[in-house]
Amino acid sequence: MEDYFELPVTYKGEELLLKGRLAAFTYVYKFYITVNDMELEFERDDNGEFRVISSEGGEGNVDRNLIAAIIDVLEKLQTM
């Protein structure tokens, strides 16, 4: 199952609206968020914290502060 959405993220004082999708698997789910035409994959690690993995191998090209802002929003969504 996949659900598409727009994720509002505040970054450097600017409100960004990033395209995303949620993919649910048997026991886990992953968020796929598009940043600079690159889809980043966010999943929980063994400690329950979000981590980012880029299927395109380019997550190093995305500002770490932006990744942290995205993770912050995803964490807040989980507590709603």
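Located above this text is the structure these notes cover.
Here the residue index of a chain counts from 1 through its sequence in written order. Owing to the predicted nature of the model, reporting of local features is limited to residues with pLDDT of at least 70; listing and counting of side-chain atom pairs is limited to 80 or more, with chain, interface and lining totals taken over all residues. Heavy atoms from the whole structure form the basis of all side-chain values; hydrogens and water molecules are not counted.

## Some thoughts on the pattern of salt bridges
Salt bridges are counted wherever a side-chain nitrogen of Lys or Arg sits within 4 Å of a carboxyl oxygen of Asp or Glu. In the structure shown here, the tally under the stated rule is 6 salt bridges. Between Arg 21 and Glu 39 there is a salt bridge, and its shortest N-O distance comes to 3.0 Å. Of the two residues, Arg 21 is situated in strand S2 (residues 14-24) and Glu 39 in strand S4 (residues 38-44); the sequence distance between them amounts to 18 residues. Ionic pairing is found between Arg 51 and Glu 43, a salt bridge with its closest N-O pair at 2.5 Å. Burial classes: relative accessible area under 20% of the type maximum marks a residue as buried, over 50% as exposed, and values in between as partly exposed (1.4 Å probe, protein chains only). Of the residues examined, Arg 51 reaches a relative accessible area of 40% and is grouped as partly exposed. Here a strand is any run of E in DSSP of at least two residues, a helix any run of H or I of at least four, and the numbering for each starts at the N terminus.

## Thoughts on the packing of aromatic side chains
The aromatic pairing rule takes the rings of Phe, Tyr and Trp, using the six-membered ring of Trp, and pairs them if the centres are within 6.5 Å, calling planes under 30 degrees apart stacked, those over 60 edge-to-face and the rest tilted. Applying the stated criterion to the full structure yields 3 aromatic pairs. Taken together, the aromatic side chains of Phe 5, Tyr 29, Phe 31 and Phe 50 make up a single cluster linked through ring pairs. In this arrangement the basic side chain of Arg 21 is found over the ring face of Tyr 32, its NZ or CZ atom lying 4.1 Å from the centre. Only Lys NZ and Arg CZ are tested; either one counts as a charge over a ring when it is within 6 Å of the ring centre and within 35 degrees of the ring normal. Of note, Arg 44 hangs over the ring of Phe 50, and the distance from its end group to the ring centre comes to 4.1 Å.

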